[in-house]
Amino acid sequence: MARIPTTHDPFNAVAEPKRRRILEALGAGEHSVNEIVEALGWPQPMVSKHLAVLKKVGLVQERRAGRQRLYRVNVEKLKPIYDWVTPFERYWSESYERLDEVLKDMKKKEK
């Protein structure tokens, strides 16, 4: 079966670690390409390439301000990914609760 192109599916787009880092960098708000380049320390062509994929999938929106292009995360398009991950949150919560219990037991034994 043929794989869905990265530029058509948000899941495939965020499978690339560099694209996830760009989304994280944009999570704080709207930024220009140069601000992202500076924050991540990557070459500008690399940032632009990954932004183009994220934009094509709809995970990033672009706004023009004069000669500058500003990018921000389109959180609505992240919702399918969030919906898919949410059921696993219970597992993580239970794991942390078990870890808390183990740490409490260890502290009791130290006393």
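Here the structure is a predicted model, which is why all the values come from computation and not from measurement.

Enquirer: Before we move on, could you go through the nonpolar core and cite the residues and values that matter?
Expert: By size, the foremost hydrophobic cluster in this structure holds 21 residues, and its most contacted members are Ile22, Leu26 and Leu51. When contributions to this core are tallied by element, the ones reaching two or more residues are helix H1 (10-14), helix H2 (17-26), helix H3 (33-40), helix H4 (44-57) and strand E3 (68-73). In this structure, Leu51 is in contact with Ile22, Leu26, Val33, Ile36, Val60 and Tyr71, ignoring residues within four places of it in sequence.

Enquirer: Residues and numbers for the packing of H3 against H4, please.
Expert: H4 packs onto H3 with a crossing angle of 115 degrees between their chain directions and a minimal axis gap of 9 Å. Classified by chirality, the crossing of H4 by H3 is right-handed. Two secondary-structure elements touch here, H3 through Val33, Ile36 and Val37 and H4 through Gln44, Val47, Ser48 and Leu51.

Enquirer: So what's going on with H4? Residues and values would help.
Expert: The terminal C-alpha atoms of H4, which comprises 14 residues, lie 20 Å apart, in line with the 20 Å expected from a rise of 1.5 Å per residue. Buried-residue contacts for H4 involve H1, H2, H3, strand E2 (60-65), E3 and helix H5 (75-85). Downstream of H4 by a residue or two, Gly58 has a phi angle that is positive, lying close to 95 degrees.

Enquirer: Any details on the environment of Arg63? Residues and values, ideally.
Expert: Of note, Arg63 is situated in strand E2. A relative accessible area of 36% means that Arg63 is categorised as partly exposed. Taking the C-alpha atoms as reference points, Arg63 and Glu30, separated by 33 residues in sequence, lie 9.1 Å from one another. One polar contact links Arg63 to Glu30, side chain to side chain, over a distance of 2.7 Å.

Enquirer: Can you tell me about the sheet that holds strand E1 (residues 31-32), naming the residues and giving the values?
Expert: Judged by pairing direction, the sheet is antiparallel, and its 3 strands sit side by side in the order E1-E3-E2 without closing on themselves. Bordering the open sheet on either side are E1 and E2, each of which pairs with just one other strand. Against the sheet, H2 engages E1, E2 and E3, with an angle of about 100 degrees to E3.

Enquirer: Give me the pattern of salt bridges: which residues, what numbers.
Expert: Two side chains of opposite charge can pair, provided their charged atoms sit close to one another. Per the stated rule, a full pass over the model turns up 5 salt bridges. Ionic pairing is found between Arg63 and Glu30, a salt bridge with its closest N-O pair at 2.7 Å. Here Arg63 is found in strand E2, whereas its partner Glu30 is found in the loop between H2 and E1, with 33 residues between them in sequence. A salt bridge links Glu62 to Lys55; its shortest N-O distance comes to 3.2 Å. For Glu62, a relative accessible area of 24% translates into the label partly exposed. Connected through salt bridges with shared partners, the residues Glu30, Arg63 and Arg72 form a single ionic network.

Enquirer: Talk me through the pairing of E3; I want residue IDs and the actual numbers.
Expert: Judged from the 2 bridges that link them, E1 and E3 form a sheet pairing that is antiparallel. Looking at the pairing, His31 lines up with Tyr71 of E3.

Enquirer: Can you tell me about a negative patch on the surface, naming the residues and giving the values?
Expert: A cluster of acidic residues, Glu97, Asp100, Glu101 and Asp105, forms a negative patch at the surface. You can see Asp100 is positioned in helix H6 (residues 89-110). For Asp100, a relative accessible area of 42% gives the class partly exposed.

Criteria and thresholds
- Residues numbered from 1 in each chain as written.
- Predicted model: local features only at pLDDT ≥ 70, side-chain atom pairs only at ≥ 80, totals over all residues.
- Heavy atoms only, no water.
- Core = buried A, V, L, I, M, F, W, Y, C linked by side-chain atoms within 4.5 Å.
- Buried < 20%, exposed > 50% of the residue type's maximum accessible area, 1.4 Å probe, protein only.
- Helix = DSSP H or I, 4+ residues; strand = E, 2+ residues; numbered from the N terminus.
- Contact = heavy atoms within 4.5 Å.
- Axes fitted to C-alpha atoms, helices over the stretch in contact; angles between N-to-C directions.
- Left-handed = near helix turned anticlockwise from the far one by under 90°.
- Expected span 1.5 Å × (residues − 1).
- Polar contact = N/O pair within 3.5 Å; in protein donor to acceptor, adjacent residues only side chain to side chain.
- Pairing = 2+ DSSP bridges.
- Salt bridge = Lys/Arg side-chain N within 4 Å of Asp/Glu carboxyl O.
- Patch = residues over 30% accessible without salt bridge, like charges linked within 9 Å, V, L, I, M, F, W, Y side chains within 5 Å.
- Areas by Shrake-Rupley, 256 points an atom, 1.4 Å probe, with all protein chains shown as cover.
- Lys, Arg positive; Asp, Glu negative; His and termini not counted.
- Charge placed at Lys NZ, Arg CZ, Asp CG, Glu CD.

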